[in-house]
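Single-letter residue listing:
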Amino acid sequence: MQITFKDVTADYQIGPLRTPRVLDSVDFNLEPGTFTAVIGHTGSGKSSLLKAMNGLLIPVKGEVHIGGTVINRSKNKKSLKTIRKKVGMVFQFPESQLFAETVEQDICFGPLNFGVPLEEAKRIARQVIQQVGLGPDILTKSPFALSGGQKRRVAIAGILAMQPEVLVLDEPGAGLDPRGKKEILSLISKWHNNEKLTTVMVTHDMEDVAHYADNVVVMEKGQAVLHKGVRELFADIHALKSLRVDIPQARKLQLKIEQETGVKLPQVCLTIDELANCLMKAGLV
Ligand SMILES: Nc1ncnc2c1ncn2[C@@H]1O[C@H](COP(=O)(O)OP(=O)(O)OP(=O)(O)O)[C@@H](O)[C@H]1O
Ligand SMILES: [Mg+2]
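Here's what I pulled together on the structure shown here. Small disclaimer: the values here were computed from a predicted structure and weren't measured. (Residues numbered from 1 in each chain as written. Chains lettered and ligands numbered in written order. Predicted model: local features only at pLDDT ≥ 70, side-chain atom pairs only at ≥ 80, totals over all residues. Heavy atoms only, no water.)

Now for the sheet that holds strand β12 (residues 223-229). One open sheet holds the six strands; their spatial order is β8-β9-β10-β5-β11-β12, and the pairing between them is mixed. On the outer flanks of this sheet lie β8 (87-90) and β12, each paired with one strand and no other. For this sheet, the mean angle separating the axes of adjacent strands, direction not counted, is 15 degrees. In this sheet, strand β11 (residues 215-220) lies alongside strand β5 (residues 35-40) in parallel orientation, the contact comprising five bridges. Bridged to glycine 40 within β11 is methionine 219. Where helix α1 (residues 46-53) meets the sheet, it contacts β5, β8, β9 (166-170), β10 (198-202) and β11, and its direction lies at approximately 155 degrees from that of β9. Contacts from helix α6 (residues 178-195) reach β5, β9 and β10 within the one sheet, and its direction differs from that of β5 by about 135 degrees. (Pairing = 2+ DSSP bridges. Helix = DSSP H or I, 4+ residues; strand = E, 2+ residues; numbered from the N terminus. Axes fitted to C-alpha atoms, helices over the stretch in contact; angles between N-to-C directions. Contact = heavy atoms within 4.5 Å.)

The next subject is the site of ligand 1. Taken together, 13 residues are adjacent to ligand 1, and Thr42, Gly43, Lys46, Ser47 and Ser48 come closest. A distance of 3.0 Å separates an oxygen atom of ligand 1 from a polar backbone atom of glycine 45. Here an oxygen atom of ligand 1 sits 2.8 Å away from a polar atom, N or O, in the side chain of serine 47. For ligand 1, the accessible surface in isolation is 630 Å², of which the surrounding protein chains cover 63%. Tallying contributions element by element places α1 first for the shell around ligand 1, with three residues. In terms of residue class, the shell around ligand 1 is made up of three nonpolar, nine polar and one charged. (Near = heavy atom within 4 Å. Polar contact = N/O pair within 3.5 Å; in protein donor to acceptor, adjacent residues only side chain to side chain. Areas by Shrake-Rupley, 256 points an atom, 1.4 Å probe, with all protein chains shown as cover. Nonpolar A, V, L, I, M, F, W, Y, C, P; charged D, E, K, R; others polar.)

Further remarks concern the nonpolar core. Core analysis: the biggest nonpolar cluster contains 51 residues, and Ile107, Ile129, Val209 and Phe234 have the highest contact counts within it. It is helix α5 (residues 148-160) that contributes the most residues to this core, six residues altogether. Discounting residues that sit within four places of it in the chain, isoleucine 129 has contacts with Val103, Ile107, Leu134, Gly135, Pro136, Ile138, Leu139, Val154 and Ala157. In terms of nonpolar packing, the next biggest core, distinct from the first, is built from 29 residues, Phe5, Val38, Leu49 and Val217 among them. (Core = buried A, V, L, I, M, F, W, Y, C linked by side-chain atoms within 4.5 Å. Buried < 20%, exposed > 50% of the residue type's maximum accessible area, 1.4 Å probe, protein only.)

For the pair helix α3 (residues 103-113) and helix α4 (residues 118-131), interaxial distance at closest approach is 9 Å and the crossing angle is 120 degrees. If you check the angle between α3 and α4, you find them oblique. Handedness of the α3/α4 crossing: right-handed. Note on element contacts: α4 touches α3 through Leu118, Ala121, Lys122, Ala125, Val128 and Ile129, opposite Val103, Glu104, Ile107, Cys108, Pro111 and Leu112. The class makeup of the residues in the contact of α3 with α4 is 10 nonpolar, no polar and two charged. (Parallel < 35°, antiparallel > 145°, perpendicular 65-115°, else oblique. Left-handed = near helix turned anticlockwise from the far one by under 90°.)

Structure, rendered in structure tokens:
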């Protein structure tokens, strides 16, 4: 499903006051099936950008298109409902939104809300709980009796149970240990590929960008200042410097090796495996 921002400007209304533009003339197009990482400094508008994809932040100017549905100033209720069904949003620390008595009830809540019959919702819950790497015995437990990593998986399972076509995730690995984070991101990546989703993920970690995304949007002061393929971004050392974007380990190592040997490798390497392959092909190891 295609996601298009057409000159989108948005702000938050706090009582009678409006914040300065938190999204400022944002204009881009994310092709169906792509995995986009959203990066940028704190307060640059990353979370606001995701909220605009899910109808939680309505543009004051411009339009957001999700597939054939449009969100603009004159937001109509039907479009918002359609968008919320199509776009699954995993907030930062989603486990804080678990609320039901059992994991099963929590996961079934979304599907039931969209009119799925109870037995079907329970079947979906059993399916998604397995897909996030948990056993069915967890379904009868209280979500509050789980570990941090388990809660995060249950919260993500609740979104997947709604069978969204677009998945937007706000730092899904935040606060997890490295292994838990890797497991969560791998399962998101697997889900993205299997279900042919369009996925958008906010992250601060350039290793995540290098490993999982195929393109990147860089936010700065509410503006999408750059939208590029991941390899193109990490090829452009000047852009990285001026945007103050970190370089993934493998790419850093590649640049150092190239500098010391004078040999330029034929591709931008994003992972250690890619770098090792490139070095072998070039006869450098
Ligand atoms: N609910 C809100 N009400 C008013 N202002 C808000 C609200 N949420 C965010 N803002 C403001 O909007 C701007 C962008 O915030 P946003 O949360 O989108 O940034 P971010 O890039 O996600 O930052 P972080 O990396 O810290 O999560 C900030 O100036 C912030 O203060
Ligand atoms: Mg944020």
